[in-house]
Amino acid sequence: MTRPVRPVSLGPRDIVVERRADGCVLLCSQHALGPYPRKLTERLDFWAAQAPGRLFLAQRDGAGWRTLSYGQARERARRVGQYLLEQQLSAERPLVVLSGNDLEHALLELGALYAGVPYTPVAPAYSLASTEFGKLRSIFELMTPGLVYASDRGAFRKAIDAVLPRGVEVIFEPKERPVSAALDAAHGMVGPDTIAKFLFTSGSTGAPKAVINTQRMWCSNQKLAATMFAYFQDEPPVLVEWAPWHHTAAGNKGFGMALYNGGSYYIDEGKPLPGAIEATVKNLREIAPTWYFNVPRGFESLLPYLKEDASLRQNFFSRLKVLWFAAAPLPQRVFDEYNELAYRTCGETIPFLTGFGATETAPHAMGRMWPTEDVSNMGLPPPGVEAKLVPIEGKLEMRVKGPGITPGYWRQPELTARAFDEEGYYRLGDAFVFADEKRPEAGLLFRGRIAEDFKLTSGTFVHVGPLRVRLIEHLAPLARDVVIAGEGRDEVGALIFPNGKIEADVLKTRLASFPSTGSSNRIGRAMVLEEPPSLDAGEMTDKGSLNQRAVLARRAALVEELYRDPPSARTICI
């Protein structure tokens, strides 16, 4: 029986396909992207005039919330912008923010947008979780900041003392000044090519790079999102988000969607970690979102609470129109369980949608705006994005072009040149296949990062991305994460980061039952790792994603041990 789906107005799906003689496939929407603002502050001006008392931003404060309405946010942001203007900041001397999401951070960002000053949010983990401050130091050397903000003097003092250049001022709260004509003049000079911010890549494919984000990128991407989530026009979104603003998914998309569409953004200080997810649960008991984004681990962490707490379920699903995941593949079982929970709670399923993009694409580059049974379906390019699929080893590499694509990396022209092909398409470096070769409109299935794939000695390709996802799901809850090894070897191996203590016999039994169709996806041997992935060594990004290549390089001796013959005592052979 087909279950009813909660009605929601979404964007167009029809696609234009061009197949070239060289095997490349070009995809674009049949619909053009509509007009969008020259700068994002036009939307703050608009909503401050149209709905000055409407809640824009909220942050937990004990039993209640600290809030900023649209009118308050505009007034205070302009005063902060005046202060930033007086500091003579620029792209050569930007504002750098070391701490996470809060109202003060938001005011600094909005003030920088008014003053035409680029700002750089940096992962707090580089200051708080690192012991060597190597990544933070390299960021400071690249950015040459003119002003630094941190929310907590004590917590950030050690990192600041270690890396702050002489003569650079640090502030621990936003400073405001009476607005002068100079701010309005500076604001008038802000246009589509003005740099709004620098966002650092998470480092999953190498050292973090400073991605230039222009006003054109952000504004066009928000127009794109407003087109795809058409219901925002009738119902400004309500968001409850923990994801950090130094990542494009929340800093550009989530924060931007609230601002662009006159929505309300509740800052969730929880995280999908033991001892921190409870804050998210508390917030979701009070605030019912209409659009809910999370990373796969976040959805998985929230699931037990939704199962056990009927009142939480009722509030969470009460007015929710879209669930949205991104940043990593979602386990199929988690996808299925949310669909089941929603149906049991409200008699209809909630569209569980997703998309694909990167820091360099602001981030929305493609999206699946329809229900599917295959969680790896990433959808199609929306209006405003042209996609080129280039055949590589039986798969298709995704490349994209459009107004939402970065002009490049700050002060790294060589990296910029390599990031684009001869036709100006940005190389995402990710592989896809058509869900249905005869029906391109059925969408594209994600098949992992091309750089992670390798060949066995037999010449058989191992597609690491989908294999890792399947193995992690099969081993749940024994494994926190896995790394796939075997390049130039006879069989595939796995290095396993455990989720607590694992009995060797239990793990061997579970591995032996892993479904496989041949040597490319059969796990022949495995080893449990004692040391967790290191942030300082680049094995783990600040958002908790594993850097497969970095782990294999740093633990090369363990890979050799994994394939030793006869096997070591730590190697599990299946």
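Structure's up top.
Residues numbered from 1 in each chain as written. Predicted model: local features only at pLDDT ≥ 70, side-chain atom pairs only at ≥ 80, totals over all residues. Heavy atoms only, no water.

(A) Seen up close, the overall build of the protein chain. Within the protein chain, the secondary structure is distributed over 18 helices and 27 strands. By the compact-globule yardstick of 25 Å for 574 residues, the protein chain fits well, its C-alpha radius of gyration being 24 Å. By its C-alpha atoms, the protein chain is 75 × 60 × 55 Å across when sized along the principal axes. Counting across all 574 residues of the protein chain, residues that qualify as buried make up 57%. Across the protein chain, every contact between residues at least 6 apart in sequence was considered, and the portion connecting residues at least 24 apart equals 70%. Carbon and sulfur atoms make up 51% of the accessible area of the protein chain, which amounts to about 22600 Å² in all. Once the 67 positive and 66 negative side-chain charges of the protein chain are each reduced to a mean point, those two points are 1 Å apart. (Helix = DSSP H or I, 4+ residues; strand = E, 2+ residues; numbered from the N terminus. Rg over C-alpha atoms; globule rule 2.2 N^0.38 Å. Buried < 20%, exposed > 50% of the residue type's maximum accessible area, 1.4 Å probe, protein only. Contact = heavy atoms within 4.5 Å. Areas by Shrake-Rupley, 256 points an atom, 1.4 Å probe, with all protein chains shown as cover. Lys, Arg positive; Asp, Glu negative; His and termini not counted. Charge placed at Lys NZ, Arg CZ, Asp CG, Glu CD.)

(B) Molecular detail of the layout of surface pockets. The calculated volume of the second largest pocket comes to roughly 290 Å³. Lining the second largest pocket are 13 residues; nearest its centre among them are Phe335, Asn339, Thr349, Pro371 and Thr372. Among the residues forming the lining of the second largest pocket, the class breakdown is six nonpolar, four polar and three charged. (1 Å grid on protein atoms, 1.4 Å probe; cavity = no way out; pocket = protein on both sides within 12 Å on 5 of 7 lines; lining within 4 Å. Points joined across faces, edges and corners; volume = space filled by probe spheres on them. Nonpolar A, V, L, I, M, F, W, Y, C, P; charged D, E, K, R; others polar.)

(C) Representation of the sheet that holds strand β1 (residues 15–19) within the structure. An order of β1-β2-β18-β19-β20-β21-β17 is seen for the seven strands of this open sheet, with the pairing classed as antiparallel. Two strands bound the open sheet, and with one partner strand each, they are β1 and β17 (377–379). The average undirected angle you get between the axes of adjacent strands in this sheet is 40°. Where strand β18 (residues 386–392) and strand β19 (residues 395–401) come together, seven bridges link them in antiparallel fashion. Counted as the bridge partner of Lys388 is Arg399 from β19. (Pairing = 2+ DSSP bridges. Axes fitted to C-alpha atoms, helices over the stretch in contact; angles between N-to-C directions.)

(D) Up close: unusual backbone geometry. Put simply, Ala476 and Pro477 share a cis peptide bond, and its omega is 0°. The omega angle of the peptide bond from Asp565 to Pro566 is 5°, so this bond is cis rather than trans. Phi at Phe133 takes a positive value of approximately 60°, unusual for a residue other than glycine. Along the chain, Phe133 falls in the loop between α4 (125–128) and α5 (134–143).

(E) Representation of the pattern of salt bridges in the model. For the coordinates displayed, the defined rule picks out 36 salt bridges. Measuring nitrogen to oxygen at the nearest pair gives 3.0 Å for the salt bridge that ties Arg554 to Glu539. Remark: Glu539 occurs in the loop between β26 (523–528) and α17 (548–554) and Arg554 occurs in helix α17; sequence separation between them is 15 residues. Look at Arg554 and you get partly exposed, because its relative accessible area is 40%. Accessibility expressed as a relative area gives 0% for Glu539, which makes it buried. Within the structure, one salt-bridge network assembled from shared partners comprises Arg20, Lys388, Glu397, Arg399, Asp421 and Glu423. (Salt bridge = Lys/Arg side-chain N within 4 Å of Asp/Glu carboxyl O.)

(F) Quick peek at the pairing of strand β9 (residues 195–200). Among the six residues of β9, six are classified as buried, and the element is accordingly described as predominantly covered. Of the pairings in the sheet, the one linking β9 to strand β10 (residues 210–214) comprises five bridges and is antiparallel in character. What sits directly across from Phe198, in β10, is Ile212.

(G) Here's a closer look at the pairing of strand β4 (residues 64–69). Pairing geometry for strand β3 (residues 55–61) and β4, over six bridges, is antiparallel. Directly across from Arg60, in β4, lies its bridge partner Trp65. In this antiparallel pair of consecutive strands, β3 and β4, the connection spans two residues, and Gly62 shows a positive phi of 65°.

(H) The nonpolar core, seen in detail. Ranked by internal contacts, the top residues of the largest apolar core, which has 115 residues, are Phe56, Phe229, Trp291, Phe316 and Tyr338. The biggest single contributor to this core is helix α3 (residues 103–115), with nine residues. Excluding residues within four positions of it along the chain, Trp291 makes contact with Phe229, Tyr231, Phe232, Val238, Leu239, Glu241, Lys253, Met257, Leu320, Val322 and Trp324. Core analysis: the next-biggest nonpolar cluster, separate from the first, contains 30 residues, Val170, Phe198, Phe200 and Ala210 among them. (Core = buried A, V, L, I, M, F, W, Y, C linked by side-chain atoms within 4.5 Å.)

(I) Examining the packing of helix α2 (residues 70–86) against helix α7 (residues 181–189) more closely. Relative to each other, α2 and α7 sit at 90°, their axes nearing to 10 Å. Between α2 and α7, the interaxial angle falls into the category roughly perpendicular. Side by side, α2 and α7 meet where Arg78, Gly81, Gln82 and Leu85 of the first sit next to Ala182, Leu183, Asp184 and Ala186 of the second. In the contact of α2 with α7, the residues fall into four nonpolar, two polar and two charged. (Parallel < 35°, antiparallel > 145°, perpendicular 65-115°, else oblique.)

(J) Inspection of the environment of Pro12 at higher detail. If you trace the backbone, Pro12 turns up in the segment before β1. Here Pro12 falls in the partly exposed class, since its relative accessible area comes to 27%. Expressed as a C-alpha distance, the spacing of Pro12 and Met369, which sit 357 residues apart in the sequence, is 8.3 Å. If we ignore the near neighbours within four places in the chain, the residues touching Pro12 are His31, Thr227, Met228 and Pro383.

(K) Representation of the sheet that holds β4. Reading across from one edge, β4-β3-β12-β11 is the order of the four strands in this open sheet, with mixed pairing throughout. Each edge of the open sheet carries a strand with a single partner, namely β4 and β11 (238–241). Adjacent strand axes in the sheet meet at a mean angle of 20°, parallel and antiparallel pairs treated alike. Against the sheet, α3 makes contact with β3, β4 and β12 (264–267), and its axis sits at roughly 150° relative to β3, the strand it touches most.

(L) Main features of the packing of aromatic side chains. In total, this model carries 27 aromatic pairs according to the counting rule given. When the centroid spacing of 4.8 Å and the interplanar angle of 65° are considered together, the rings of Tyr231 and Phe232 count as edge-to-face. Taken as a pair, Tyr231 and Phe232 share a single burial class, namely buried. The interplanar angle of 65° and the centroid separation of 6.1 Å between the aromatic rings of Phe255 and Tyr265 together place this pair among those described as edge-to-face. Of this pair, Phe255 sits in helix α9 (residues 248–261) while Tyr265 is found in strand β12, placing the two residues ten residues apart along the sequence. The exposure class assigned to Phe255 is buried, which follows from its relative accessible area of 0%. Of the residues examined, Tyr265 reaches a relative accessible area of 0% and is grouped as buried. Here the aromatic residues Tyr292, Phe299, Phe316, Phe317, Phe325, Phe335, Tyr338 and Phe352 are joined through ring pairs into a cluster of three or more. The ring of Tyr260 has Arg43 sitting right over it, with the charged end atom 4.7 Å from the ring centre. Above the plane of the ring of Tyr114 lies Arg78, whose end atom (NZ or CZ) is 5.8 Å from the centre. (Phe/Tyr/Trp six-rings, centres within 6.5 Å; stacked < 30°, edge-to-face > 60°. Lys NZ or Arg CZ within 6 Å of the ring centre and 35° of its normal.)

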